[in-house]
Amino acid sequence: MKKEKRYFGTVLMTLILIFFYLPILFMIVFSFNSSKSLTHFTGFSLRWYQAMIKNHSMMNSLYVTVIIAFLATAISTIVGTVTAIGLSQSGRRIRRFISIMDDFPLMNPDIVTAIGLMLLFITFNVPKGFVTLLLAHIAFCIPYVILSVMPRVRALDPNLADAAMDLGATPSYAITRVIVPEIMPGIIAGALIAFTMSFDDFIISYFVTGRGVKNLSIMVYTMSKRVNPSVNAISTVVVILITIILTIVNIAPMMAKKARENAPEGEMKQRKVWPKVTIAVAACALLVASVYGLRSNGNQPYSGQTLHIYMPGEYIDEDLVSNFEDKTGASVVIDNFDSNEQMYIKVANKEAYDILIPSDYMIQRLIGEHLLKKIDQKQVSKNLASLNKDILNIAYDPGNKYSVPYFWGSVGISYDKRKVSKADLDRYGWSIFLQKKYKGDIYMYDSERDSFMMALKALGYSMNTSNTKQLKAAYNWLAKVVKTMKPEIVTDEIIDNMAQARKALGLVYSGDAASVTTQNKNVRFYMPKEGTNIWVDAMVLPKTCSHEKLAYAFMNYINSYKVAKANSKYIGYTSPVVKVEQTLAKTTFKGVEAYTPRSSYAKDEVFGYNDKSRKVIADLWSRVKVVASNAN
């Protein structure tokens, strides 16, 4: 019976360990994958570690994470320890009150603390960035230190400090030489908890930081929206670093204890000096690194200036950003947004940026609400002259008075040609998503605008309609798809899934389809004859832009031939520069139909902004997803 219990316990423990560590092992293995796939291992390679080291933004986020964690740990440990010692000498009511106040941040959900801190910084007009991030981390780390130190303080003999002072010690000497050594295990435990909480935090950091200052968790979050295996590489590095630190923390005390037991008494006093020297050197190195990391030097034309860009994640080749910094002497800080709507909220709240890269319909909204500056056409005249005329002077910005195109493309159907015939696509168009032979074998993209575009085009309506009956008909069309076809509703994971041909077809953006086709030649791209969405993402200057000349320099740099070619080749989306598009269509993307969007087709449209229909579509799309969840 006892053997059976031990066997059951061993199996249970093994399963728990697998549950805990298998995802980490999976991540480490795929950090060495030779291809871009996040789920299909194609061979051993160190390319993602090389990409990680070259990625300026990623390394900067790692630097910010480490610096913030060390500073927050040091400050919160000192404040928390002093508070705990002070509480031990306080009256019962005060001790009780402070203890309850200390417990509040621990019991509150992180999102509540995050919103509270964000509102506090906004109220007192504190610019969000490194300082606010550090203050927030100190704030939520202190309670953990107090909680860890207090039990050791309570366990102390209350007469210990008095005895030390009776023997001639000053109060500060009694604290540092008598009290602190006695409670050191609690202080170390509190510091380790504080470091871990700071290093790992995402929610609070996400709400209190800004102006491009982001820690590793925010960086990984923005990168996870697109296919970027460098996330696996940097996460593996973090796992290894933490493993090394934990190993040292656990082994060092044992080695020190053994050394003390074996060493002569006089020698030990000499050895005790070394930990202090080590801490002092580490503190100095940290201080120097902090100052070095926050400075920018140079004699170039824009030396000392910082360009703040707000754009979608994974939408620029980081090497090109580093080259721009070397060329101009300026620092480039890039913040990423998940959607145009998220970007709008920050811009409407007057957060300061120099360049935004939103989509067409959002540019129209920003213009309408007077949130953009007009572009000085003289500054970008050569730039505009090199661009595709089909994406200039469009209804969202007539005359391109406010915007300079960055990338453009279309929306279509990515399909596995071994499962889906071209004849079926020609015959059914968008309605192929309702053909039962593909039931359970389709992806829908989790985008209310483009899903309704598909439905409206399938029904023969304009995708910019505000007609309630037509929108209701589109809802019924989509509800029928999710109810009868059992599609999988996804976002950017469709890129990897279609590259592995896991389903027959899906709704995708042309740039993503180009990336898929370069990985799997059996997956092609089709634009239905009923028409589709031709979209343009463009660079604009918000009213908060404070470095206009530098912003124009960046616009002209990013659309210069060599840079635009490298950027388009890296991202996979179509360049607005005509010569770049023509060159890449004949070389890198030869035979990839998705790279060259359809133009001048009468039934294709560009999204315009209509607040009334936007709200109706958002509400109806929520209902479509409810129908989908009930159908599965």
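Residues numbered from 1 in each chain as written. Predicted model: local features only at pLDDT ≥ 70, side-chain atom pairs only at ≥ 80, totals over all residues. Heavy atoms only, no water.

Novice: Explain the packing of helix H4 (residues 92–107) against helix H6 (residues 130–155) to me, and be specific about the residues and the numbers.
Specialist: Closest axis-to-axis distance for the H4/H6 pair is 9 Å, and the angle between their directions is 120°. Here H6 runs oblique to H4, going by the angle between their axes. Helix-helix and strand crossings are classified by hand; for H4 and H6 the assignment is left-handed. Residues Asp-102, Asp-103, Pro-105 and Leu-106 of H4 touch H6, and the partners they reach there are Pro-143, Tyr-144, Ile-146 and Leu-147. Looking at the contact of H4 with H6 residue by residue, the classes come out as six nonpolar, no polar and two charged. (Axes fitted to C-alpha atoms, helices over the stretch in contact; angles between N-to-C directions. Helix = DSSP H or I, 4+ residues; strand = E, 2+ residues; numbered from the N terminus. Parallel < 35°, antiparallel > 145°, perpendicular 65-115°, else oblique. Left-handed = near helix turned anticlockwise from the far one by under 90°. Contact = heavy atoms within 4.5 Å. Nonpolar A, V, L, I, M, F, W, Y, C, P; charged D, E, K, R; others polar.)

Novice: Lay out helix H15 (residues 340–348) with the relevant residues and their values.
Specialist: When H15 is considered as a whole, its buried residues turn out to be Asn-340, Gln-342, Met-343, Tyr-344 and Val-347. Elements that come into contact with the buried residues of H15 comprise helix H9 (203–208), strand E1 (306–312), strand E2 (331–337), strand E3 (355–356), helix H16 (360–368) and helix H19 (448–458). Of the residues flanking the end of H15, it is Lys-350, one or two places downstream, whose phi is positive at about 65°. (Buried < 20%, exposed > 50% of the residue type's maximum accessible area, 1.4 Å probe, protein only.)

Novice: Give a description of the domain arrangement of the chain that names residues and reports values.
Specialist: Along its sequence, the chain is organised into domain 1 (58–233), domain 2 (306–405 + 537–567) and domain 3 (408–536 + 585–630). Averaged C-alpha coordinates put domain 1 and domain 2 at centres separated by 38 Å. Domain 1 puts 13 residues into the contact, and the matching count from domain 2 is eleven residues. Regarding the contact of domain 1 and domain 2, the summed buried area is about 1,100 Å², with carbon and sulfur atoms giving 39% of it. Linking domain 1 with domain 2 are one salt bridge, by the criterion used here. Between Glu-351 and Lys-128 there is a salt bridge, with the nearest N and O atoms lying 3.3 Å from each other. Taken together, domain 1 and domain 2 are joined by three residue pairs in polar contact (both at pLDDT 80 or more). Considering each element in turn, the side of domain 1 that touches domain 2 owes the most residues, three residues, to helix H10 (residues 216–223). Counted by class, the side of domain 1 that touches domain 2 contains four nonpolar, four polar and five charged residues. (Domains from an automatic or database assignment. Buried area = accessible area lost by both parts, 1.4 Å probe. Salt bridge = Lys/Arg side-chain N within 4 Å of Asp/Glu carboxyl O. Polar contact = N/O pair within 3.5 Å; in protein donor to acceptor, adjacent residues only side chain to side chain.)

Novice: Outline the packing of helix H2 (residues 47–54) against helix H11 (residues 230–262), listing residues and values.
Specialist: Their axes nearest at 8 Å, the elements H2 and H11 cross at an angle of 80°. Relative to H11, H2 is oriented roughly perpendicular. Contacts between H2 and H11 involve Trp-48, Tyr-49, Ala-51 and Met-52 from the former and Ser-230, Ala-233, Ile-234, Thr-236 and Val-237 from the latter.

Novice: Break down the environment of Ala-136 for me, with residues and values.
Specialist: Within the secondary structure, Ala-136 sits in helix H6. The spacing of Ala-136 and Val-208 is 72 residues in sequence and 7.3 Å in space, taken between C-alpha atoms. If we skip the residues at most four places from it in the chain, Ala-136 touches Leu-117, Ile-204 and Val-208.

Novice: Give a detailed account of the UniProt feature "transmembrane region" (unreviewed entry) in the chain, specifying residues and quantitative values.
Specialist: The positions UniProt marks with the feature "transmembrane region" (unreviewed entry) are residues 7–32, 62–85, 106–124, 130–150, 229–252 and 273–294. In residues 62–85, helix accounts for 100% and strand for 0%; the two terminal C-alpha atoms are 34 Å from one another. (UniProt positions renumbered as here; feature names shortened; annotations may be inferred.)

Novice: Pulling in residues and values, what's your account of a positive patch on the surface?
Specialist: A cluster of like positive charges, contributed by Lys-436, Lys-439, Lys-480 and Lys-486, occupies part of the molecular surface. Within the secondary structure, Lys-486 is located in the loop between helix H20 (468–484) and strand E7 (488–490). Judged by relative accessible area, which is 38%, Lys-486 ranks as partly exposed. (Patch = residues over 30% accessible without salt bridge, like charges linked within 9 Å, V, L, I, M, F, W, Y side chains within 5 Å. Areas by Shrake-Rupley, 256 points an atom, 1.4 Å probe, with all protein chains shown as cover. Lys, Arg positive; Asp, Glu negative; His and termini not counted. Charge placed at Lys NZ, Arg CZ, Asp CG, Glu CD.)

Novice: Which residues make up a nonpolar patch on the surface, and what values do they have?
Specialist: Together, Tyr-7, Val-11, Leu-15, Ile-18, Leu-22, Leu-25, Val-29, Phe-41, Phe-44 and Leu-46 give the surface a local cluster of nonpolar side chains, amounting to about 1,000 Å² of exposed area. In this structure, Val-29 sits in helix H1 (residues 2–30). Residue Val-29 is classed as partly exposed on the basis of its relative accessible area of 38%.

Novice: Kindly report on the side chain of Glu-581, identifying the contributing residues and their values.
Specialist: Along the polypeptide, Glu-581 turns up in helix H25 (residues 578–586). Discounting residues that sit within four places of it in the chain, Glu-581 has contacts with Asn-388, Trp-408, Thr-574, Ser-575, Tyr-595, Thr-596 and Pro-597.

Novice: Hey, could you go over the pairing of E1 for me, with residue numbers and the actual values?
Specialist: Across a regular strand the side chains alternate sides, sitting on one face of the sheet and then on the other. Burial analysis of E1 places six of its seven residues in the buried class, the great majority of the element. On the question of chirality, the crossover connecting E1 to the parallel E2 by way of helix H14 (residues 318–328) is right-handed. Two strands pair when backbone bridges link them, and E1 and E3 are joined in this way by two bridges, in the parallel orientation. Bridged to Tyr-310 within E3 is Leu-356. (Right-handed = clockwise from strand over helix to strand, strands pointing away. Pairing = 2+ DSSP bridges.)

Novice: Please provide a residue-by-residue account of the packing of aromatic side chains, values included.
Specialist: Describing an aromatic ring pair means giving the distance of the ring centres and the angle of the ring planes. According to the stated counting rule, one finds 24 aromatic pairs in the structure shown. Their ring planes at 90° and their centres at 5.9 Å tell us that Phe-30 and Phe-41 sit as a pair that is edge-to-face. One end of the pair, Phe-30, is in helix H1; the other, Phe-41, is in the loop between H1 and H2, and eleven residues separate them in sequence. Overall, the relative accessible area of 37% leaves Phe-41 in the partly exposed class. Relative to Tyr-406, the ring of Tyr-315 has its centre 5.5 Å away and its plane inclined at 55°; by these criteria the two rings are tilted. Of this pair, Tyr-315 sits in the loop between E1 and H14 while Tyr-406 sits in strand E5 (residues 403–416), and the two are 91 residues apart along the sequence. Like Tyr-406, Tyr-315 is buried. (Phe/Tyr/Trp six-rings, centres within 6.5 Å; stacked < 30°, edge-to-face > 60°.)

Novice: Outline the pairing of strand E9 (residues 523–526), listing residues and values.
Specialist: The two faces of E9 match: Val-523 and Phe-525 on one face and Arg-524 and Tyr-526 on the other face are all buried. Where E5 meets E9, four bridges bridge the pair, whose relative direction is antiparallel. Bridge pairing in E9 places Tyr-415 opposite Arg-524.

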